[in-house]
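# Survey of secondary and tertiary structure
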Amino acid sequence: MTLHIDTPLVASSAMGGKNGQTVWLKMEALQPNGSFKLRGIGHACEEYARRGAKRFISSSGGNAGLAAAYAGRQLGVPVVVVAPETTSERARELMRREQAELIVHGASFSEANALALSMVGEHDAFIHAFDDPLLWTGHATMIDEVAHAGVIPDAVVLSVGGGGLMCGVIEGLRRNGWDKVPVFAVETDGADSLAQSIEADRRIELPRIASIATSLGARQVSQAAFDWTHVHPMSSMVVTDQAAVAACIRFMDDHRLVVEPACGASLAVVYAGRPELAAFKNLLVIVCGGVTATVAQLQAWEGTLAAS
């Protein structure tokens, strides 16, 4: 049983065309749960269920918790999601809709995560949001689909939070023989733990997340993600919250699809025509999605950020 779907690979006339460049959009926002998370978390849940797990426990206030909840419902395995108090009402409702038991605890993700870990018993499986090799193997399937479509990217643009997507994409690139295809890793200012880690040449832990792109809100990237920066060709980019939100709204107009600012970060560098991307003829952009933002919320953020 595969819980994720094969997503469309779309050549965007709105984003491409400059200097003969084709921008390919891997539409992960169209997964049943609204984000790429289902690939990895679905794969992990299937594997843990096969190993005998009777319950899944996740700590997430957003897309990872929703993916775990969806996967559990599909597999007939109960799910507990521990979410911090900052979790939006929309996210809470979406997880409850998937029949997960939702526990709201702590002022931050670290407190919610600590409680979730303390609850894991002998027959439970802990579903990490980004730091599990099973997740990366699941996420890598999106690159397999690109290869099966006959598209060979010159570069990949993706958003980075904890680094799970990045680890999966690089795994997919390398198992398809695309070891030299560079990855452009995009974060928002205030959630830029990878960029700061690359600059310092050691993993940096942010004191707090100071960005509205809360899905990028890992204060520290995984060790595996940081290790890839020394092995795979990679460049880091950082955009403002305002640029990320503006890209979401423009993308909504261009492609009739609502995504979160965490996804908008990647879209922003392409819309801006960043010179680092100009030389690539086939640019693959992972439209990672996210369901915690609504049209009204994006418009409210746009107004607030413009006034600040």
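The protein has the name L-serine ammonia-lyase in an unreviewed UniProt entry, where Massilia genomosp. 1 is given as its organism. As recorded by UniProt, the Catalytic activity (unreviewed entry) comment attached to the protein reads in full: "L-serine = pyruvate + NH4(+)". Taken from UniProt, the Cofactor (unreviewed entry) comment for the protein reads in full: "pyridoxal 5'-phosphate".

Moving on: the overall build of the protein. Within the protein, the regular secondary structure consists of 12 helices and 10 strands. Rg of the C-alpha trace for the protein: 18 Å, near the compact-globule value of 19 Å for 308 residues, within the 12% margin. Projected onto its principal axes, the C-alpha coordinates of the protein cover approximately 55 × 45 × 40 Å. A total of 308 residues make up the protein; the buried ones form 57% of that total. Carbon and sulfur atoms form 50% of the exposed surface of the protein, whose accessible area is close to 12,400 Å². Between the averaged position of the 24 positive side-chain charges in the protein and that of its 32 negative side-chain charges there is a distance of 3 Å.

What counts as what
Residues numbered from 1 in each chain as written. Predicted model: local features only at pLDDT ≥ 70, side-chain atom pairs only at ≥ 80, totals over all residues. Heavy atoms only, no water. UniProt positions renumbered as here; feature names shortened; annotations may be inferred. Helix = DSSP H or I, 4+ residues; strand = E, 2+ residues; numbered from the N terminus. Rg over C-alpha atoms; globule rule 2.2 N^0.38 Å. Buried < 20%, exposed > 50% of the residue type's maximum accessible area, 1.4 Å probe, protein only. Areas by Shrake-Rupley, 256 points an atom, 1.4 Å probe, with all protein chains shown as cover. Lys, Arg positive; Asp, Glu negative; His and termini not counted. Charge placed at Lys NZ, Arg CZ, Asp CG, Glu CD.

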